[in-house]
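Spelled out from the first residue to the last, the chains are:
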Amino acid sequence: MHSVKKNKRVTSWHVIGAQVATFRKAAGLTQTALADRCLVGEDTIASIEQGRRALQADVAGLLDEVLDTKGVLAVAVAKVPHKERFPAFVQDFVEHEQEAVTLLSYQNQVVPGLLQTEGYARFLFSCLYPPLEEEQREEWVTARLDRQKLLDRRPRPMLHFVLEESVLRSAIGQAAMRLEQLRHLRRCMELPYLGLQIMPMRLPKHAGLAGPMVLLETPDHDHLAYVEGQLTSVLHDDPDDVSVLQQKYGMLRSQALSVESSARLLDDLLGES
């Protein structure tokens with residue numbers, strides 16, 4: 001097996017997507033025709049039917065109306081378990097993350113989700129485009145904060161993060177939000193099972209320029225790697241692929257500031273705020 005992505009389990013979104021496809025075909029409509037009637041893109045309908053995109057409540061209502069399904073899809077969406085409210089394509093990773101023995105994360109754009117404050121997470125979701133509906137945005141904020149229970153789990157996971165200094169110096173959002181996020185990161189650094197190293201901006205080059213990644217070890221001691229980009233994500237379990245990313249992460253740790261120097265840099269940033 002070369003990628004966990006090829007062996008994904010069936011989620012509620014896959015079942016709902018199959019229902020949409022069945023109802024659409026019974027109504028004699030193509031994906032294009034259904035998309036036109038619902039005022040959404042054809043790729044949106046395709047992604048919903050394939051289970052790659054969560055069906056939102058407002059779109060479910062439109063589909064019920066167009067397909068004359070008497071509220072079936074709206075009810076199905078409302079009944080989706082809370083743990084599956086994440087986008088379908090990250091669900092497998094989230095489940096492995098919550099059970100991880102060891103987790104290593106490199107981020108170059110934003111603070112990693114496990115270390116975000118509520119205000120920071122809400123701001124990031126407000127920046128998504130096309131914009132999220134308020135209800136969906138709040139669901140995603142709640143889900144993200146729920147994932148952070150990993151930090152309080154017993155037995156303790158071993159966690160390590162490498163974060164670009166530019167993320168900490170970014171002027172996004174309100175000053176108060178940024179300050180609280182910096183304070184939260186500094187508090188997290190006091191956890192004995194969590195390491196945080198900052199990649200200095202002055203470094204002329206380093207091993208992470210290809211983008212972010214998360215490496216984790218499962219309770220069965222399998223090693224996985226998660227890589228996410230625009231509209232796509234892959235959870236790798238092929239030993240060769242994972243090994244390459246592990247080597248990159250090892251190099252990143254050696255190139256970043258030490259934990260002690262990273263803590264001093266955070267203290268300096270807090271003093272400047």
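Owing to the predicted nature of the structure, the values given are computational and were not obtained by experimental measurement.

Rules of the game
Residues numbered from 1 in each chain as written. Predicted model: local features only at pLDDT ≥ 70, side-chain atom pairs only at ≥ 80, totals over all residues. Heavy atoms only, no water. Helix = DSSP H or I, 4+ residues; strand = E, 2+ residues; numbered from the N terminus. Rg over C-alpha atoms; globule rule 2.2 N^0.38 Å. Contact = heavy atoms within 4.5 Å. Areas by Shrake-Rupley, 256 points an atom, 1.4 Å probe, with all protein chains shown as cover. Lys, Arg positive; Asp, Glu negative; His and termini not counted. Charge placed at Lys NZ, Arg CZ, Asp CG, Glu CD. Salt bridge = Lys/Arg side-chain N within 4 Å of Asp/Glu carboxyl O. Buried < 20%, exposed > 50% of the residue type's maximum accessible area, 1.4 Å probe, protein only. Phe/Tyr/Trp six-rings, centres within 6.5 Å; stacked < 30°, edge-to-face > 60°. Axes fitted to C-alpha atoms, helices over the stretch in contact; angles between N-to-C directions. Parallel < 35°, antiparallel > 145°, perpendicular 65-115°, else oblique. Left-handed = near helix turned anticlockwise from the far one by under 90°. Nonpolar A, V, L, I, M, F, W, Y, C, P; charged D, E, K, R; others polar.

Undergrad: Is there a simple way to think about the overall build of the protein chain in this case?
TA: Of the regular secondary structure elements, the protein chain holds 12 helices and six strands. In terms of overall size, the protein chain behaves like a compact globule, its C-alpha atoms giving a radius of gyration of 21 Å where 273 residues would be expected to give roughly 19 Å. Of all intrachain contacts in the protein chain linking residues separated by at least 6 positions in sequence, the fraction that spans at least 24 positions is 72%. For the protein chain, the accessible surface area stands at approximately 14,400 Å², while carbon and sulfur atoms represent 54% of it. Looking at the protein chain, you have 31 positive and 37 negative side-chain charges, and the mean spots of the two groups are 2 Å apart.

Undergrad: Where do I start with unusual backbone geometry in this structure?
TA: Glycine aside, the phi torsion of most residues is negative, and most peptide linkages are trans. Cis geometry is found at the peptide bond from tyrosine 129 to proline 130, where omega equals 0°. Within the element layout of this structure, proline 130 appears in the loop between helix H7 (118-126) and helix H8 (134-147). Cis geometry is adopted by the peptide bond preceding proline 155, which originates at arginine 154 and carries an omega value of 0°. Inspection of the secondary structure puts proline 155 in the loop between H8 and strand E2 (158-164). Despite not being glycine, aspartate 68 shows a phi value in the positive range, around 55°. Mapped onto the elements, aspartate 68 comes out in the loop between helix H4 (57-67) and helix H5 (72-78).

Undergrad: Would you explain the pattern of salt bridges in this entry?
TA: If charged atoms from side chains of opposite charge come close, those side chains can pair. The full count for this structure, using the stated rule, is 10 salt bridges. Between glutamate 165 and arginine 169 there is a salt bridge, with the nearest N and O atoms lying 2.7 Å from each other. Of this pair, glutamate 165 and arginine 169 both sit in helix H9 (residues 165-169), separated by four residues, roughly a single helical turn. The class for glutamate 165 is buried, based on a relative accessible area of 9%. With a relative accessible area of 39%, arginine 169 lands in the partly exposed category. Each of Glu118, Arg122 and Glu138 takes part in a single network of salt bridges with overlapping partners.

Undergrad: Explanation requested: the packing of aromatic side chains in the structure shown.
TA: Each aromatic ring pair is characterised by the separation of its centres together with the angle its planes make. Across all of its chains, the model carries two aromatic pairs by this definition. Residues phenylalanine 93 and tyrosine 226 carry aromatic rings whose centres are separated by 4.1 Å and whose planes lie at 10° to one another, so their mutual orientation is stacked. Here tyrosine 226 lies in strand E5 (residues 223-229) and phenylalanine 93 lies in helix H6 (residues 91-99), a separation of 133 residues in the sequence. Judged by centre distance (5.6 Å) and plane angle (75°), the rings of phenylalanine 125 and tryptophan 140 are edge-to-face.

Undergrad: Whenever I open this one, the environment of glycine 28 confuses me. Can you help?
TA: Of note, glycine 28 is situated in the loop between helix H1 (12-26) and helix H2 (31-38). By relative accessible area, glycine 28 is classed as exposed at 64%.

Undergrad: Please explain the packing of H7 against H8 as it appears in this structure.
TA: Each packed pair of helices is defined by two parameters, the angle between the axes and the distance between the axes. Close contact between H7 and H8 brings their axes to 10 Å; oriented N to C, the two are set at 140°. In terms of orientation, H7 lies oblique with respect to H8. Read as a crossing pair, H7 and H8 show a hand that is right-handed. Mapping the contact onto sequence places Glu118, Ala121, Arg122, Leu124, Phe125 and Ser126 in H7 and Arg137, Glu138, Trp140, Val141, Arg144 and Leu145 in H8. A breakdown of the residues in the contact of H7 with H8 according to their chemical character gives six nonpolar, one polar and five charged.

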